[in-house]
Amino acid sequence: MTNDAAPVRFLRGINVLDISEGVAGPFCAKLLSDMGADVIKVERPGSGDSSRLVGPFLNDLTDSEMSPSFFFLNTGKRSIELDIYKEESKATLHRLIQKFDVIISSDTDSTLGDHDLGFEFLRTINSKVILTTVTGFGSFGPHSHYQSSHLVSCAVGGWAQLCGTPDREPLQAGARVTETLTGAYAAVATLLAVQGRNNHGNGEHVDVSAQQSVLAGAQMPTLFYEYQGLTPERYSSVGSGAGGAFMLPTNDGYIGLNALTAPQWVMLCDFLGRRDIAENPYYEGVSWRNPDHRVEEIRAIFQEALKDRTAEELFHEAAAWRVPFGLVPTLSDLFELPPHKERGFFTELVHPTAGPVSIPGVPFKTTAGEFEIRRPPLLGEHTDEILAEIASSGEDVVAVAPSKNINNLPLSGLRVVDLSMFFAGPVGAQILADAGAEVIKVESVQRIDGWRGAGGESDSELPSWESSPYFNWVNRSKKDITLNLTDPRGQDILKELVRHADVVIENYTPRVMANFGLTYDVLKAIKPDLIMLSLSGFGAGNSWSDYTAFGMSTEQFSGLSHLTGYADDAPLFTGMTGGDLYSGVIGAWSLLSALNHRSLTGEGQHIDLSQIEACNLYLGDLMATWSLSHIDPGRMGNSRFSKIPQGIYPCTNNRWIAISCVTEDQWDVLMDELGVVDWAVSTVHDQISAWTASKDHVELMDYLQALGIPAGAVMNGPELLADKHLIDTGAFILQDRPILGAKHYPGQPYRFKLAEAVANVRAPFLGEHTEEILLNLAGIEPDQLKELYKDDVIGTVPIAAR
């Protein structure tokens, strides 16, 4: 931050009470704090947040002020020691809630209600209160009381089914990304509730489910089953089912070879000097969702082509070919990546006990100013300060009658022009569309969204570009127009749309919008308070800015690939949709924060987001671990930083179950069930496997959960669709696409108690709303349409398909 400018605070005036523990809730509150909200961390007197004792610690010396997990998850917060469940603390807590009226909790609403902290009671204290509950299975439904963990979420959300290799057990994704992903969704949902409150003055209960957050990021297990009858198994030594990808060793580390589309596959083969692979009919029908022996033949051929090459040289040469290769950096490598260093991504915080610690900063630059991330608090550091604040804020708490329910979607009236393609940008736009924004998606007949061509094999009469499960999921609730932006008429029409818009989203490399003549400066001159979000792979203003990137490569660059895999083997893909979902959710967080800033100042801005920075943010606790202690866990299989074992174990019918005891008491109960008195790490996994092997995985999950043991069945597509808890909580949105028929699409992983749930409109056909938008919004006359169609400025059929 420059010395002559005050830090920008997008969320100033928003006051947050963080009563959560673990990862997801604190990460949610951290994201609000980093954007300028005033966040108070409520901690138990004496011991503090449980994450203060989460390592790894340098030399195994536990120090509550040296926990890398607590350090990263609690930046910028103030700490107060207060036992919120004790009667003598209630008056203080109620005073806090009068001012700090956004509350983040890691308990269900029912559990909070047992302590007079449920939403309905909180509304009697402050009618504007927003309560965000962030739990493993949500506050409602038959599994709401089930216990969870990162491992369990990977199982019940569909990731573990697809992560690993066929000859070994299913795997969790590396780090604790299911929990940080849930926290990011919680931050987005909380900001949507704040937007709603700004509109109508009402509070809200926001309920966030880790299981459903993971389901949203899974590699389409339910949709592949409904669309094509496929139930993919784990084979994550190749990339996601959308296209071909490998991670192969070189002379200096692993390199990711990624091809998301058919043209990229040809370029990849060309680059490796093996065009014959792309042209050989023998390989033409190879499936990346259900791989066979041909995939291993291709792997061996590509490995030979990399002989005597380094990952670094391969990456830069491929970038010149516009092929999205990816490096697979270690934690230490990440601190040295040129884009990170050139953009100043990592920020060094000086802590009175830990000293200087470097962690991921805000993953975007903005024309509105620079952010300031502050160190995490010492235990109870601000207790006296906070008590003095609330003591001077007025008389004793007076109950306020709750206001009436307001059933408007929080972003009703907001207009978004969505130029983004594939997945990262469209995820952010989908979040806005589901919350009521009018999102106008812009494609062209020259270049349709590449996601339309992914996974679109279907027996229906629909053309392939209208039957992609990827496209049809991520683009629901949007309108679609076609515009050739290389044609001046297309550019002029887009400018007219921008005149009537609030937000523009695009995920091109920085040079593309300049080539269109549609830079932020140009668009700002048309709409001064415009908010423009650019989500490029590496961000602008660095030596890699013009390199292409897709979800598989951003997952590799994030550090997640380095951390995912069996402990004795090569890095693996996670079995989810790569880095795109992480980037898209963070993009939505940045936009909603910027909208709040605009409501305070009237100021628009350009947000320059780096997808590899956004993805690394989810691993921030491990980046802090490296900075504090130089510990890099690498690939840990299904293990974690704990003396209590956990794992995924076989059940009947080739199914599996994740068992993840958190406390020693839970472990003792499990050992009693097995009849094991003395156990050793070297043998206990085999003992558990022998016990689970004769049991049904879903029945065993229910049985273990009834005993208080966190457990989750490893679920595939049809099992997720049939899961009673997901059905009862409305996790799927049923949408009927003409000809294709009704399908169940994963919804957003959060629910609002008072507002409408979601704008439920099927994904649009190519150019479906072009005439409507051009006539009603862009000032085009009816007689102009014919010429625009004739010259392919607009259209409804891709040129390549004619």
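Preceding this section is the structure that the text describes.
This is a predicted model, so every value here is computed, not measured.

Moving on: the pairing of strand β20 (residues 656-659). Looking down a regular strand, the side chains alternate between one sheet face and the other. Of the two faces of β20, the one lined by Trp-656 and Ala-658 and the one lined by Ile-657 and Ile-659 are each fully buried. Sheet topology places strand β19 (residues 647-650) next to β20; four bridges connect them, and they run antiparallel. Note on β20: the bridge partner recorded for Gly-647 is Ile-659. A loop of five residues connects β19 with β20, the two strands running antiparallel in sequence, and Asn-653 in this loop sits at a positive phi of about 60°.

For the rest of this paragraph, the subject is unusual backbone geometry. The omega torsion of the bond from Gly-55 to Pro-56 falls at 10°, within 30 degrees of zero and hence cis. Following the sequence through the fold, Pro-56 ends up in the loop between β2 (38-43) and α2 (68-73). At Arg-322, a position not held by glycine, the phi torsion is positive, near 70°. The backbone of Phe-422 shows a phi angle near 60°, a positive value even though the residue is not glycine. Along the chain, Phe-422 turns up in the loop between β13 (415-418) and α18 (424-434).

Further remarks concern empty space enclosed by the protein. One pass over the full model with this rule turns up eight cavities of 30 Å³ or more. The volume enclosed by the second largest cavity comes to roughly 90 Å³. Around the second largest cavity sit 14 residues that line it, and Ala-193, Gly-196, His-200, Glu-204 and Ala-755 are the ones nearest its centre. Per-element tally for the lining of the second largest cavity: the top contributor is helix α7 (residues 177-200), with five residues. Along the lines of polarity and charge, the residues of the lining of the second largest cavity split into seven nonpolar, five polar and two charged.

What follows is about the environment of Phe-557. Tracing the backbone shows Phe-557 in helix α23 (residues 551-558). The class for Phe-557 is buried, based on a relative accessible area of 0%. For the pair formed by Phe-557 and Asp-333, sequence separation is 224 residues and the distance between their alpha carbons is 9.9 Å. Beyond its immediate sequence surroundings of up to four residues, Phe-557 is in contact with Phe-315, Phe-325, Gly-326, Leu-327, Pro-329, Leu-334, Leu-337, Phe-538, Trp-544 and Ile-612.

This brings us to the pairing of strand β18 (residues 605-610). When you tally the buried positions in β18, you get six out of six residues, the bulk of the element. Here β18 shows a buried face lined by Gln-605, Ile-607 and Leu-609 and a second buried face lined by His-606, Asp-608 and Ser-610. In the sheet, strand β12 (residues 364-366) pairs with β18 via three bridges, with the strands oriented antiparallel. By the bridge assignment for β18, Lys-365 is matched with Asp-608. The pairing of strand β17 (residues 531-536) with β18 spans six bridges and is parallel. The partner of Leu-535 across the bridge, within β18, is Leu-609.

The rules behind these values
- Residues numbered from 1 in each chain as written.
- Predicted model: local features only at pLDDT ≥ 70, side-chain atom pairs only at ≥ 80, totals over all residues.
- Heavy atoms only, no water.
- Buried < 20%, exposed > 50% of the residue type's maximum accessible area, 1.4 Å probe, protein only.
- Helix = DSSP H or I, 4+ residues; strand = E, 2+ residues; numbered from the N terminus.
- Pairing = 2+ DSSP bridges.
- 1 Å grid on protein atoms, 1.4 Å probe; cavity = no way out; pocket = protein on both sides within 12 Å on 5 of 7 lines; lining within 4 Å.
- Points joined across faces, edges and corners; volume = space filled by probe spheres on them.
- Nonpolar A, V, L, I, M, F, W, Y, C, P; charged D, E, K, R; others polar.
- Contact = heavy atoms within 4.5 Å.

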